[in-house]
Structure formats: structure tokens, C-alpha cells
Amino acid sequence: MAAPRNTAPRIPSTARKALGRLSLPERTFVADALRTETVGGVLLLIAAVAALIWANIPALRHSYESVSHFHFGPDTLGLNLSVAHWAADGLLAVFFFVAGIELKRELVAGDLRDPRAAALPVVSALCGMAVPALVYTLTNLTGHGSTQGWAVPTATDIAFALAVLAVIGTSLPSALRAFLLTLAVVDDLFAILIIAIFFTDRISFPALGGAVAGLVIFWLLLRRGVRGWYVYVPLAVVIWALMYNSGVHATVAGVAMGLMLRCTTREGEEHSPGEHIEHLVRPLSAGLAVPLFALFSAGVSISGGALGDVFTKPETLGVVLGLVVGKTVGIFGGTWLTARFTRASLSEDLAWADVFAVAALAGIGFTVSLLIGELAFEGDAVLTDEVKAAVLVGSLIAALCATVLLKIRNARYRGLCEDEERDEDRDGIPDIYEQDDPAYHLRMAKIYENKAAQHRRIAAEKAVAARHGLQEVPGGAGEEDGRPA
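Heads up: these notes are all about the structure in this document. Because the structure is predicted, anything quoted here is derived from the model rather than measured.

Looking at the side chain of Thr-316
For Thr-316, the location among the structural elements is in helix 12 (residues 314-341). A distance of 3.2 Å separates the side chain of Thr-316 from the backbone oxygen of Asp-309, its partner in a polar contact. Sequence-distant contacts of Thr-316, that is, excluding residues within four places in its chain, are made with Asp-309, Val-310, Glu-386, Val-387 and Ala-390.

Now the structure itself:
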């Protein structure tokens with residue numbers, strides 16, 4: 001006898017939303033992180049402009065070069081470095097330390113812990129690095145230039161991008177801002193891998209072994225719950241110095257230590273150690289380390305002829321096209337392909353034009369692009385400065401394009417932000433996150449009942465006042481010269 005056939009209707013699975021609304025804890029974290037990055041981005045812009053002015057005013061140019069090339073540090077430890085070198089290798093280690101913590105938090109407590117949610121920013125970031133590298137390589141193969149700088153246009157500068165957002169006043173929804181932040185975090189990780197793999201020409205195994213041993217000690221201390229900055233800061237400096245002397249770029253040490261911090265909370269903890277340290281170090285990174293690096297890296301000579309050369313030499317043209325075209329096409333294409341093949345639909349609040357605008361904004365490559373430019377063309381001071389000028393020009397063009405695209409949709413963004421911020425019951429939680437909470441609707445019903453009672457009272461008072469007015473007007477209200485109006 002055949003088993004009865006199941007005739008129950010199939011319930012379609014809910015389609016996953018790409019770039020949908022963030023959870024409330026994630027939204028709070030992103031808002032705090034972006035607030036600091038935005039301030040740091042404004043300082044970064046100021047530092048970059050100051051560097052360009054300092055390096056291009058004839059009376060000040062010599063002093064800029066003198067300060068940048070001034071050496072200090074213990075020579076016996078191999079650390080007698082120039083100011084510019086200290087900024088690139090020392091201060092940026094702090095920046096990458098914060099990037100390592102951000103990545104660890106995303107992997108264990110943020111959106112990247114879900115493989116389906118992680119696929120979108122990871123694939124988009126990879127495409128956003130591969131396509132600019134391809135654009136640069138094709139441009140230089142066609143123009144018979146050097147392919148050494150293929151990695152220069154692969155990086156996105158989140159602080160610079162957010163500074164542009166702050167300047168143009170765009171109320172970008174939190175989902176798009178989080179997408180941009182996650183893109184930059186993944187971008188930073190792969191950028192440091194590129195630096196470690198492709199720009200390490202010599203390795204001192206004793207120094208590298210010492211750095212690895214220091215990282216193991218760092219990890220063991222964290223595992224045992226040892227606390228105190230006076231323990232970790234000296235150890236971090238030793239690890240950084242050993243990593244620098246090993247030949248591997250010293251910023252790798254910063255990322256490694258950031259990834260070792262615990263970013264999950266335990267019983268009785270309000271914040272994880274990683275979040276706590278990131279909260280302390282991020283202002284130092286965004287407000288001091290990155291702006292100082294920009295001050296001593298962005299000071300290139302700018303003239304009409306130099307700007308013209310940016311669009312004629314294959315190396316510099318490849319950087320500009322990589323940032324403006326490659327980044328936009330790569331990130332937008334990666335996002336669309338991921339959504340297409342994972343059957344994820346774009347959030348109904350957004351349009352693909354919004355993703356395209358954010359992809360264009362990600363073409364702002366500054367901090368890491370300048371660093372890779374110095375490493376790629378080390379020994380050729382002229383070409384290094386030309387590539388730096390190309391990074392500045394490409395970033396400026398990308399910023400202008402993104403500004404135009406974002407301004408077109410700015411009214412829509414303002415509406416979305418108002419919806420995200422609205423808190424009519426004034427409980428400190430945006431109403432949009434409480435739609436499924438019965439207690440919220442009960443509070444709102446009480447608020448509306450109070451408003452209705454207030455309006456009824458006002459209406460009754462007006463009716464009484466109107467009746468009194470009719471009795472006091474001689475000849476009847478509405479009459480004029482004894483005749484009805």
C-alpha cells in the first residue's frame with residue numbers, strides 16, 4: 001500500500017537581503033567606529049593639504065625635505081631611521097594593529113562570522129583589488145611601462161572616504177557605511193599580505209624567529225589573562241623592532257598582534273578586551289598616526305607639467321585608472337555577482353545605483369596606496385613622487401565622482417536616516433528595531449491616546465469659546481451693516 005502523499009504547500013524560504021538593515025549592536029558599534037574614523041579622516045585631509053603646501057612653496061620646500069629625511073634612533077639596533085621612515089613603518093603599525101582588531105571582531109562577533117553574510121564584502125573586496133591590479137597591468141603592458149606598481153591602486157582608504165562623506169554632508173544609511181567599513185577592513189588584510197609576500201626582498205631568519213617568539217609570548221600572556229599596558233607595550237615594541245629587522249614589513253607585526261586579541265565577551269564583561277583596546281587605540285591611530293604618515297608621504301611637487309605627466313606616463317595613468325575605473329567596476333561587479341549567485345536580493349530601501357556610488361567612493365586610495373607606491377618603486381625617487389601624485393589625482397577624481405553620485409540620492413538617504421533615528425517612545429532604541437515588540441506598541445498606543453485626549457480637550461475649549469463669541473456679538477455673528485454676510 002502506497003504511503004499517503006504529502007500535499008501540504010511548500011513554504012518558500014525567505015530570500016536573504018544584501019546590504020539589509022544592521023542589527024542594533026552592530027549598528028551601534030559601526031556608528032562609534034565611523035565617528036572616530038570620520039574625525040581622523042578630516043585630520044588626514046588637513047595633513048595632506050599641509051604636506052602639499054609645505055612641499056610646494058619654494059621658501060619652505062627645503063625645510064620639508066630636511067625634516068622628512070632627518071634620522072634618529074639607535075643605530076646599533078638597526079633603527080636609525082628617517083622621520084618619513086618612522087611614520088611609514090612605525091606609526092602605520094598602529095593603524096594596522098587597529099585594522100587587525102577590527103577584522104578579528106568582524107570574524108568572531110560581527111557580520112563576517114556568518115559565511116553567507118561574509119561572502120558579499122569579502123568577494124567585493126577581492127574583486128575591488130583584482131580589477132584595479134589588472135587595469136594597471138594592462139595599461140603598463142600596452143604603454144611599455146613598469147608593472148612593479150600593480151598593487152598601488154588596490155587599497156581603499158576608509159578614513160579619507162569617510163572624510164569626504166563628512167565634507168559633502170551625505171546621510172549615507174548605516175548599511176552602506178558598514179559595507180564600506182567592512183570592505184576597507186578586508187582590503188587592509190589583503191594589502192598587508194601583498195606587502196608581506198611581494199615586497200619582502202630579504203629575510204633575516206634570526207630576527208624573524210625572534211619576532212615569532214615574541215608573538216607567541218604575547219599570545220600566551222593574553223591567554224593567561226595578564227593585564228597591564230606596561231607589560232604589552234614594551235613587548236609590542238620589541239616584536240615590531242624584530243619584525244622590521246627581519247626584512248618583513250614591520251606593519252605585519254601590528255596586524256598579527258591585533259588578530260590575537262580576544263573579541264568575544266565572557267560572563268560579567270560588558271566589552272571584550274579587543275573592543276576595549278580598540279576604543280583606546282583607535283583615536284591614536286586615526287588622530288595621530290595616519291595624519292602624521294600623510295604629512296610626510298603626501299608632500300610631492302605639484303606643477304602643471306607634473307599633473308600632465310600623470311595622464312601620459314603608463315605607471316601613473318595605470319594608478320589613476322586603477323583607482324577610478326578598476327575599483328568601481330571591481331567592487332560593483334563583485335557585489336552584483338555575489339548577490340546574483342547566492343540568490344540574495346538587494347534591500348528594498350536601496351538601489352544598485354547606491355552600490356555603484358559606494359564603489360566609486362572606495363576608489364579613494366591614500367594611506368596604503370602611498371605606502372605601496374614607496375615600496376614598489378624604492379630607489380627611484382622621481383617615479384615614486386610621480387606615483388604619489390597619481391594616487392592623489394586618482395583619489396580626488398574618485399571623490400568627485402562619488403560626490404556627484406551620492407548627491408543625486410541624498411534626499412532618499414536623508415529619509416532612510418530619519419527612519420533609522422526616529423525614537424517616538426523615547427526609550428533610547430530606534431523605533432524601527434522594535435516593530436516586533438508588543439511592549440513598544442503598547443507604549444505607542446498610550447502615547448497616541450494621550451495625544452488624542454489632548455486634541456479633544458483643545459477642540460472642546462475652541463467650541464466653548466466659539467459659542468461664547470456668538471452670544472456676545474450684537475445682531476448675530478457674520479452680519480455686516482445689519483445684513484447677513
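Structural notes on helix 7 (residues 205-223)
For helix 7, with 19 residues, the first-to-last C-alpha span of 27 Å sits near the 27 Å given by 1.5 Å per residue. Every buried residue of helix 7 is listed here: Ala-207, Ala-211, Gly-214, Leu-215 and Phe-218. An end-on view of helix 7 places all buried positions within 100 degrees of arc, on one side of the element. Facing away from the buried side of helix 7 by over 90 degrees, the exposed positions are Phe-205, Pro-206 and Arg-223. Where the residues of helix 7 are buried, they touch helix 8 (229-246) and helix 9 (251-260).

Some points on the nonpolar core
In summary, soluble globular proteins display a tendency toward joint burial of nonpolar side chains. The biggest cluster of nonpolar side chains holds 102 residues, and the ones touching the most others in it are Leu-180, Val-319, Leu-361, Ile-364 and Phe-366. Per-element accounting of this core gives the leading share, 12 residues, to helix 6 (residues 174-198). Beyond its immediate chain neighbours, meaning those up to four positions away, Ile-364 contacts Ala-155, Thr-156, Asp-157, Phe-160, Ala-161, Val-164, Ser-395, Ala-398 and Ala-399. With 8 residues, the next largest nonpolar core counts Leu-79, Leu-81, Ala-93 and Tyr-244 among its residues.

Some words on unusual backbone geometry
With a phi close to 60 degrees, His-144 is a non-glycine residue in the positive phi region. Inspection of the secondary structure puts His-144 in the loop between helix 4 (115-143) and helix 5 (158-168). Here His-144 falls in the exposed class, since its relative accessible area comes to 76%.

Focus on helix 4
Each full turn of the α-helix corresponds to 3.6 residues, which orients residues three or four apart in the same direction. With 29 residues, helix 4 extends 41 Å between its outermost C-alpha atoms, agreeing within 8% with the 42 Å of an ideal straight helix rising 1.5 Å per residue. Phi turns positive one or two residues past the end of helix 4, at His-144, with a value near 60 degrees.

Description of empty space enclosed by the protein
Counted under the stated rule, the structure contains 3 cavities of 30 Å³ or more. Quantified by volume, the second largest cavity comes out at close to 40 Å³. Residue lining of the second largest cavity: Phe-96, Ala-99, Gly-100, Leu-103, Val-185, Asp-188, Leu-189, Val-255 and Leu-259, and that is the complete set. Listing elements by their share of the lining of the second largest cavity, those giving two or more residues are helix 3 (83-108), helix 6 and helix 9. The element contributing the most residues to the lining of the second largest cavity is helix 3, with 4 residues. When its residues are assigned to classes, the lining of the second largest cavity shows 7 nonpolar, 1 polar and 1 charged.

Here's the deal with the packing of aromatic side chains
For the coordinates displayed, the defined rule picks out 13 aromatic pairs. Considering the side-chain rings of Tyr-64 and Phe-296, the 6.5 Å spacing of their centres and the 20 degrees angle between planes classify their relative orientation as stacked. Of this pair, Tyr-64 sits in helix 2 (residues 58-68) while Phe-296 sits in helix 10 (residues 273-297), and the two are 232 residues apart along the sequence. Plain terms: the ring middles of Trp-86 and Trp-240 are 5.5 Å apart, the flat faces sit at 20 degrees to each other, and that makes the pair stacked. Of this pair, Trp-86 sits in helix 3 while Trp-240 sits in helix 8, placing them 154 residues apart in sequence. Across this residue pair, the class does not change: Trp-86 and Trp-240 are buried.

Remarks on the pattern of salt bridges
Scanning the entire structure with this criterion turns up 7 salt bridges. The partner of Arg-457 in a salt bridge is Glu-461, with the nearest N and O atoms 3.1 Å apart. With a gap of 4 residues between them, Arg-457 and Glu-461 both fall in helix 17 (residues 438-472), about one helical turn apart. With a relative accessible area of 43%, Arg-457 lands in the partly exposed category. Here the salt bridges share partners, and the residues they tie into one network are Glu-102, Glu-278 and Arg-282.

Parameters at a glance
- Residues numbered from 1 in each chain as written.
- Predicted model: local features only at pLDDT ≥ 70, side-chain atom pairs only at ≥ 80, totals over all residues.
- Heavy atoms only, no water.
- Helix = DSSP H or I, 4+ residues; strand = E, 2+ residues; numbered from the N terminus.
- Polar contact = N/O pair within 3.5 Å; in protein donor to acceptor, adjacent residues only side chain to side chain.
- Contact = heavy atoms within 4.5 Å.
- Expected span 1.5 Å × (residues − 1).
- Buried < 20%, exposed > 50% of the residue type's maximum accessible area, 1.4 Å probe, protein only.
- Arc of directions from axis to C-beta.
- Core = buried A, V, L, I, M, F, W, Y, C linked by side-chain atoms within 4.5 Å.
- 1 Å grid on protein atoms, 1.4 Å probe; cavity = no way out; pocket = protein on both sides within 12 Å on 5 of 7 lines; lining within 4 Å.
- Points joined across faces, edges and corners; volume = space filled by probe spheres on them.
- Nonpolar A, V, L, I, M, F, W, Y, C, P; charged D, E, K, R; others polar.
- Phe/Tyr/Trp six-rings, centres within 6.5 Å; stacked < 30°, edge-to-face > 60°.
- Salt bridge = Lys/Arg side-chain N within 4 Å of Asp/Glu carboxyl O.

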